[in-house]
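Residue-level structure breakdown
This is what each chain is made of:
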Amino acid sequence: MYSMTDQKQWKGRIDSTTNTSNFRLHQKVKRIPINDVSASDHQHAGIVGFICDEGVRRNQGRVGAASAPNALRESLSSLPWTFNDEQQIIDVGNVLCLNHALEEAQRELGEIVKTLLNKKIQCVVLGGGHETLYGHYLGVRAALPKDAKIGIVNIDAHFDLRPFDEQPSSGTMFRQILAQDPHADYFVLGIQRYGNTKELFDKADELHVNYVLEENMTPENNAQIMQDLQQYMDNHDYILLTLCMDVLNAAFAPGVSAPSPFGLDPKIVRMILQQVTSHPNTHSFDICEVNPSLDENGHTVKLGAYFVYEALNHLLRRQGT
């Protein structure tokens, strides 16, 4: 089900009502129903929420990520507006997963993503469990020529390559995509040895997945990793970026379905976000697995909001070059 957000999700501190250099996001973001969105000749980004953690429930995880989209909006609201007059951010509302109808909700999310991309608007999806990614992918694929090469970049502790014979979940999306789309490839950074079975590592090798282990993401290796990532992106027509917040060290992101004691430092994640969203073929990003009900002092929500703003900054500024 689709619905618009409430204005209460976009409110916060006001330093000025006239001087735009003192404005914050809640003073500039426009709430526009998806059917009223116009094609953009300028630098526009659209935000859509996916209120769902049915995939997490199916994957036997800790539910609560369904409340993340609105929590992320509220945390974004008071961040400073740093864009120019040609740049605009719109909020087109939420897709809600009702009565456990995950597949229907994913298709509906895909329609909204497709609409934004077809109107030349950069797309940011606020999940939801990581099943958000599959709906995001459906929209990207529908907006592209059938033979366009999609390079998926996932920042994640887990492969999410589980079988989907019985039903899809938050642990099956990439296997679903690779099984049905011969023009899609998969690169994942942050994989944890202790978070994936040997069968999943074997499946990743069988499917020719590019992956970097969390333990190898060190300052000494960063230059080579970024070079490999750049080469991967350059070899694809479209880059789809997804961030699963459980990739982070639990000290920084306690509010996730599966916290990671050996997770990444936020600075490494930020570096990857900057590189990927600066690529000319990246037009969409999603953030998943923020769970406000498990979040100590709002640390994870705030960090997630900063990552979203980092992505918006690069998507919009790059678009204007």
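Further up the page is the structure itself.
This write-up is about the structure you can find in this document. (Residues numbered from 1 in each chain as written. Predicted model: local features only at pLDDT ≥ 70, side-chain atom pairs only at ≥ 80, totals over all residues. Heavy atoms only, no water.)

Moving on to the environment of Ala253. With respect to the helices and strands, the residue Ala253 is situated in the loop between β9 (238-244) and α9 (266-277). Accessibility expressed as a relative area gives 0% for Ala253, which makes it buried. Between the C-alpha atom of Ala253 and that of Val188, which follows or precedes it by 65 residues, the distance is 19 Å. In this view, Ala253 contacts Met245, Leu248 and Thr300; residues no more than four positions away in its chain are not counted. (Helix = DSSP H or I, 4+ residues; strand = E, 2+ residues; numbered from the N terminus. Buried < 20%, exposed > 50% of the residue type's maximum accessible area, 1.4 Å probe, protein only. Contact = heavy atoms within 4.5 Å.)

All right, on to the packing of aromatic side chains then. Taken as a whole, this structure holds 9 aromatic pairs when the rule is applied. When the ring of Trp81 is compared with that of Phe83, the centres are 4.9 Å apart and the planes differ by 70 degrees; the resulting orientation is edge-to-face. One exposure class covers both Trp81 and Phe83, and it is buried. Where Tyr194 meets Phe262, the ring centres are 6.0 Å apart and the plane angle is 45 degrees; that geometry is what we call tilted. In this pair, Tyr194 is assigned in the loop between β7 (184-191) and α7 (198-206) and Phe262 in the loop between β9 and α9, connecting sequence segments 68 residues apart. Residue classification places Tyr194 among the exposed positions, given a relative accessible area of 72%. Judged by its relative accessible area of 48%, Phe262 falls in the partly exposed class. Joined through ring pairs, the aromatic side chains of Trp81, Phe83 and Tyr309 make up one cluster. (Phe/Tyr/Trp six-rings, centres within 6.5 Å; stacked < 30°, edge-to-face > 60°.)

What follows concerns the packing of helix α5 (residues 132-143) against helix α6 (residues 173-180). Where α5 contacts α6, the axes come no closer than 9 Å and their chain directions differ by 30 degrees. Classified by the angle their axes make, α5 and α6 are roughly parallel. On the side of α5, the interface is formed by Leu133, Tyr134, Tyr137 and Leu138, while α6 contributes Met173, Phe174, Gln176, Ile177 and Gln180. Within the contact of α5 with α6, the residues separate by chemical class into 7 nonpolar, 2 polar and no charged. (Axes fitted to C-alpha atoms, helices over the stretch in contact; angles between N-to-C directions. Parallel < 35°, antiparallel > 145°, perpendicular 65-115°, else oblique. Nonpolar A, V, L, I, M, F, W, Y, C, P; charged D, E, K, R; others polar.)

What follows is about α9. Each full turn of the α-helix corresponds to 3.6 residues, which orients residues three or four apart in the same direction. In a regular helix each residue adds 1.5 Å, so 12 residues correspond to 16 Å; α9 covers 16 Å between its end C-alpha atoms and thus fits that length. Inspection of α9 places Pro266, Ile268, Val269, Ile272, Leu273, Val276 and Thr277 among the buried residues, and these make up the whole buried set. What you see down the axis of α9 is that its buried residues fit within an arc of 160 degrees, all on one side. (Expected span 1.5 Å × (residues − 1). Arc of directions from axis to C-beta.)

Right, let's talk about the packing of helix α4 (residues 102-118) against α5 for a bit. Across the interface, α4 lies against α5 with an axial gap of 7 Å and an inter-helix angle of 45 degrees. Classified by the angle their axes make, α4 and α5 are oblique. α5 is crossed by α4, and the crossing has right-handed handedness. Of α5, the residues touching α4 (which contributes Gln106, Arg107, Leu109, Gly110, Val113, Lys114, Leu117 and Asn118) are Thr132, Tyr134, Gly135, His136, Leu138, Gly139, Val140, Ala142 and Ala143. Residues that form the contact of α4 with α5 fall into these classes: 8 nonpolar, 7 polar and 2 charged. (Left-handed = near helix turned anticlockwise from the far one by under 90°.)

Extensive coverage of strand β4 (residues 87-96) is indicated by the burial of 10 of its 10 residues. Pairing of strand β1 (residues 2-3) with β4, which is carried by 2 bridges, proceeds in the antiparallel orientation. Bridge pairing links Ser3 to Asn94 in β4. Of the pairings in the sheet, the one linking strand β3 (residues 43-51) to β4 comprises 8 bridges and is parallel in character. Within β4, the residue paired with His44 across the bridge is Gln88. (Pairing = 2+ DSSP bridges.)

With that out of the way, let us pick up the side chain of Ser257. Examined against the element boundaries, Ser257 turns out to sit in the loop between β9 and α9. According to the relative accessible area criterion, Ser257 is buried, its value standing at 15%. Those residues in contact with Ser257 that lie beyond four places of it in its chain are Val56, Gly61, Arg62 and Glu289.

Tracing the backbone through its elements, the reader meets Asn249 in the loop between β9 and α9. Filtering out sequence-adjacent residues up to four positions away, Asn249 remains in contact with Ser260, Pro261, Gly263 and Leu264.

Once that is clear, we can look at α6. Taken across its 8 residues, α6 has 6 buried, putting it largely inside the fold. Here α6 has its buried residues at Met173, Phe174, Arg175, Gln176, Ile177 and Leu178.

This brings us to the pattern of salt bridges. Counted by the stated rule, this structure contains 12 salt bridges. For the salt bridge of Arg141 with Asp181, the shortest nitrogen-to-oxygen distance reads 3.0 Å. On the criterion of sequence distance, the pair formed by Arg141 in helix α5 and Asp181 in the loop between α6 and β7 is long-range, its members being 40 residues apart. Among the ionic pairs, Arg193 bridges to Glu215, the shortest N-O distance being 3.0 Å. Of this pair, Arg193 sits in the loop between β7 and α7 while Glu215 sits in the loop between β8 (210-213) and α8 (222-234), and the two are 22 residues apart along the sequence. It is possible to trace a salt-bridge network through shared partners that takes in Glu54, Arg57, Arg58 and Glu103. (Salt bridge = Lys/Arg side-chain N within 4 Å of Asp/Glu carboxyl O.)

Interpretation note: all reported values are geometric properties and have no functional meaning in isolation.
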